[in-house]
Amino acid sequence: MTSAAVPAQPTAVELPTLSLRESWPWILFSLLIALLAVYFVGAEQGATSVFSGNAVHEWVHDARHLLGFPCH
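Being a predicted model, the structure only gives us computed values, none of them experimental.

Q: Give me the overall build of the chain: which residues, what numbers.
A: Broken down by element type, the chain carries three helices and zero strands. Along the chain, from the amino end to the carboxyl end, the secondary structure elements read α-α-α. A buried classification covers 11% of the 72 residues belonging to the chain. Looking at the chain alone, contacts between residues at least 24 apart form 13% of all its contacts between residues at least 6 apart. With the model as given, the accessible surface of the chain reaches about 6,700 Å², and the carbon-plus-sulfur share is 69%.

Structure below.
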């Protein structure tokens, strides 16, 4: 029977550090995607519609109810 070798001392794991300067493009991109999602779920209908027709409304209809936006 073989046994697994256990190291005598645990090895230290160095965690990466993130600076604000390096991460601001990702934060900005995430904010833009979140704002677009809120727009399409909450306001893409009627007078503020970017796309004609009712297709976007139908795609996000259940999400509107889940998030509490009124739609009918």
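Moving on from the model shown.
Q: Explain the confidence of the model for the chain to me, and be specific about the residues and the numbers.
A: Low-pLDDT stretches of the model should not have their predicted coordinates read in fine detail. Taken as a whole, the chain shows an average pLDDT of 82; of its residues, 89% reach a score of 70 or greater. For the chain, the element scoring lowest by mean pLDDT is helix α2 (residues 55-59), at 79; helix α1 (residues 20-42) scores highest, at 90.

Q: With reference to specific residues and values, describe the environment of Gln45.
A: Inspection of the secondary structure puts Gln45 in the loop between α1 and α2. Between the C-alpha atoms of Gln45 and His57, which are 12 residues apart in sequence, the distance is 6.4 Å.

Q: Hey, could you go over a nonpolar patch on the surface for me, with residue numbers and the actual values?
A: Together, Trp26, Phe29, Leu32, Ile33 and Leu36 make up an exposed nonpolar region whose accessible area comes to about 550 Å². Examined against the element boundaries, Leu32 turns out to sit in helix α1.

Q: Quick one: what's the story with the packing of aromatic side chains, residue by residue and with numbers?
A: To describe a pair of aromatic rings, you give the distance between the ring centres and the angle between the ring planes. Counted under the stated rule, the structure contains one aromatic pair. Taking 5.3 Å as the distance between ring centres and 70° as the angle between the ring planes, the aromatic pair formed by Tyr39 and Phe40 counts as edge-to-face. Accessibility expressed as a relative area gives 23% for Tyr39, which makes it partly exposed. A relative accessible area of 25% places Phe40 in the partly exposed class.

Rules used throughout
Residues numbered from 1 in each chain as written. Predicted model: local features only at pLDDT ≥ 70, side-chain atom pairs only at ≥ 80, totals over all residues. Heavy atoms only, no water. Helix = DSSP H or I, 4+ residues; strand = E, 2+ residues; numbered from the N terminus. Buried < 20%, exposed > 50% of the residue type's maximum accessible area, 1.4 Å probe, protein only. Contact = heavy atoms within 4.5 Å. Areas by Shrake-Rupley, 256 points an atom, 1.4 Å probe, with all protein chains shown as cover. pLDDT = per-residue confidence, 0-100. Patch = residues over 30% accessible without salt bridge, like charges linked within 9 Å, V, L, I, M, F, W, Y side chains within 5 Å. Salt bridge = Lys/Arg side-chain N within 4 Å of Asp/Glu carboxyl O. Phe/Tyr/Trp six-rings, centres within 6.5 Å; stacked < 30°, edge-to-face > 60°.

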